[in-house]
There are 2 protein chains.
Amino acid sequence: MKDVIIVLFNDFETLDVFGPVEILGSFKEHFKLEYYSLEGGNILSSQNVSIATKKLSEINSKDYILFVPGGMGTRELVNDVKLINKLTELAKNAKYIITVCTGSSLFCKTGLLDGKRATSNKKAFAWTKSLAPNVSWVQKARWVKDGNIYTSSGVSAGIDMTLGFISDLLGYEIAKQKSIDIEYEWKEDSSYDPFSEVYKA
Amino acid sequence: MKDVIIVLFNDFETLDVFGPVEILGSFKEHFKLEYYSLEGGNILSSQNVSIATKKLSEINSKDYILFVPGGMGTRELVNDVKLINKLTELAKNAKYIITVCTGSSLFCKTGLLDGKRATSNKKAFAWTKSLAPNVSWVQKARWVKDGNIYTSSGVSAGIDMTLGFISDLLGYEIAKQKSIDIEYEWKEDSSYDPFSEVYKA
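Every chain's residues receive numbers from 1 upward, in the order its sequence appears when written. Chains and ligands are labelled by the order in which they are written, letters from A for the one and numbers from 1 for the other. For a predicted model such as this one, the threshold for reporting local features is a pLDDT of at least 70, and the threshold for listing and counting side-chain atom pairs is 80 or more; totals across whole chains, interfaces and linings nevertheless cover every residue. In computing side-chain properties, one takes all heavy atoms of the structure into account and sets aside hydrogens as well as water.

A. Geometry of the relation of the copies chain B and chain A. Alignment of copies: least-squares fit on C-alpha atoms of residues with pLDDT of at least 70 in both copies. When chain B is fitted to chain A, the best match, at an RMSD of 0.0 Å, comes from turning it 180° and sliding it 0.0 Å along the axis. What we have between these two chains is a two-fold relation. The residues that chain B uses at the interface reappear at the interface of chain A in 100% of cases, marking a shared surface. In this description, contact between two residues means that some pair of their heavy atoms is separated by no more than 4.5 Å.

In structure tokens:
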């Protein structure tokens, strides 16, 4: 059983979180999902979904996955030293790190993606690259796995990546069956990315 | 500006709600989303997402869309006369009714789908048909529109239907652009349904 520490902030993108939560949250024997934010309290998504959170400083898990979504909130938070320092500390002890969309744009500020391969939202790709030029940013990718770090493209790619993560961790058949259960056509190929053509960086 | 009355119950399916919310909630100039349940208070999805709700009896909107998700919670709720009566009353004054997955299995108990075309989750299709034999259940459909009632297939089809609803209401270009913004490959054809073959009723 692993804890999934979901890091929320105001103006997170709703589906960045609840696409992956749909998958991870249904494997209750494997994952325990918990919502956190820097200061705790209710956090509002860009689509006005309100989620109660605990403070990141209250985490006492030893066996956890760190999950960082994207959204417009990241645009300012890339300059929030307190949050970046906390993410750095948490990431160093995480079993896995998963970011969706511009979650990697926020997470790259920890420096822990330097020298690694990663992707992000394609619409904001030029901005993301400017934040951390020492990351090997992969423009055409639905998601990228480098070591224990998974990063995905924009919003809905987070669902495909999470199924890919389940496939790596629990096996392909289990991931595939989950996609069928939710009547979702899983893009299983992590390099499939039509939106890299739509938004040329 | 229309209110979107999102009817929650324990064991609703997370993505049934937050897929459509990702779309509807980003058109803030058109829709105001509110979460309700029969008794109010915090409601838990099957994936343990907790959402604060108001009581359905507190609704005083005159211009609203009624939104009913699916999930395992519907299995018992199809016998909840108090909820079915409330849904019937609300549906009669709704501008539009939108159901996702087994949301239609719950909603059909109002009798308001009788003589109309509708679809539902394919895995639970035989059960759904048994609940309301006077509905023209469409087995192969991603979503079905009949008058002001939209019903969709399982979980992720709700996203495609909601984009279809936006297309009908605000125009195709706006719906298409939204799908590109969230890097989602919209299945625009409401009859596209590979899962009707996977789960033969």
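B. The environment of B:Tyr192, seen in detail. Numbering of helices and strands runs from the N terminus, with a helix taken as a DSSP run of H or I at least four residues long and a strand as a DSSP run of E at least two residues long. Within the secondary structure layout, B:Tyr192 lies in the loop between α7 (172-181) and α8 (195-198). For the pair B:Tyr192 and B:Gly73, spaced 119 residues apart in sequence, the C-alpha to C-alpha distance is 27 Å. Sequence-distant contacts of B:Tyr192, that is, excluding residues within four places in its chain, are made with A:Glu185, B:Ala141, B:Arg142 and B:Lys187. Distance and chemistry together define a polar contact, namely a pair of N or O atoms within 3.5 Å, with one atom able to donate a hydrogen and the other to accept it when in protein, and with adjacent residues in sequence counting only for side-chain atoms on both sides. A polar contact of 2.6 Å, which involves the side chain of B:Tyr192, links it to the side chain of A:Glu185.

C. Examining the sheet that holds strand β6 (residues 96-99) of chain A more closely. Residues and elements named next belong to chain A. Read from one edge of the open sheet, eight strands run β3-β4-β2-β1-β5-β6-β10-β9, paired in mixed fashion. Edge positions in the open sheet fall to β3 (41-44) and β9 (143-146), since each of these has one partner strand only. Ignoring which end each strand starts from, the neighbouring axes of this sheet average 30° apart. A pair of strands is labelled paired if DSSP reports no fewer than 2 bridges between them. Pairing of β3 with strand β4 (residues 50-55) involves four bridges; the strand directions are antiparallel. Looking across to β4, one finds that Asn-42 is bridged to Ala-52. Lines are fitted to the C-alpha atoms to define the axes, a helix being fitted only along its stretch in contact, and any angle between axes, read from their N-to-C directions, falls within 0 to 180 degrees.

D. View of the packing of helix α1 (residues 14-24) of chain A against helix α1 (residues 14-24) of chain B. Orientation of α1(A) relative to α1(B), taken along the N-to-C sense of each, is 160°, at an axis distance of 9 Å. Judged by the angle between their axes, α1(A) and α1(B) are roughly antiparallel. By crossing handedness, the relation of α1(A) to α1(B) is classed as left-handed. For the pair α1(A) and α1(B), the contacting residues are A:Thr14, A:Leu15, A:Phe18, A:Gly19, A:Val21 and A:Glu22 in the first and B:Thr14, B:Leu15, B:Phe18, B:Gly19, B:Val21 and B:Glu22 in the second. In the scheme used here, Gly and all other residues not listed as nonpolar or charged are polar, with Ala, Val, Leu, Ile, Met, Phe, Trp, Tyr, Cys and Pro taken as nonpolar and Asp, Glu, Lys and Arg as charged. Among the residues making up the contact of α1(A) with α1(B), the classes are represented as six nonpolar, four polar and two charged. Oblique is the label for every angle not falling under 35 degrees (roughly parallel), over 145 degrees (roughly antiparallel), or within 65 to 115 degrees (roughly perpendicular). Should the near helix be turned anticlockwise from the far one by less than a right angle, the crossing is left-handed, and should it be turned clockwise, the crossing is right-handed.

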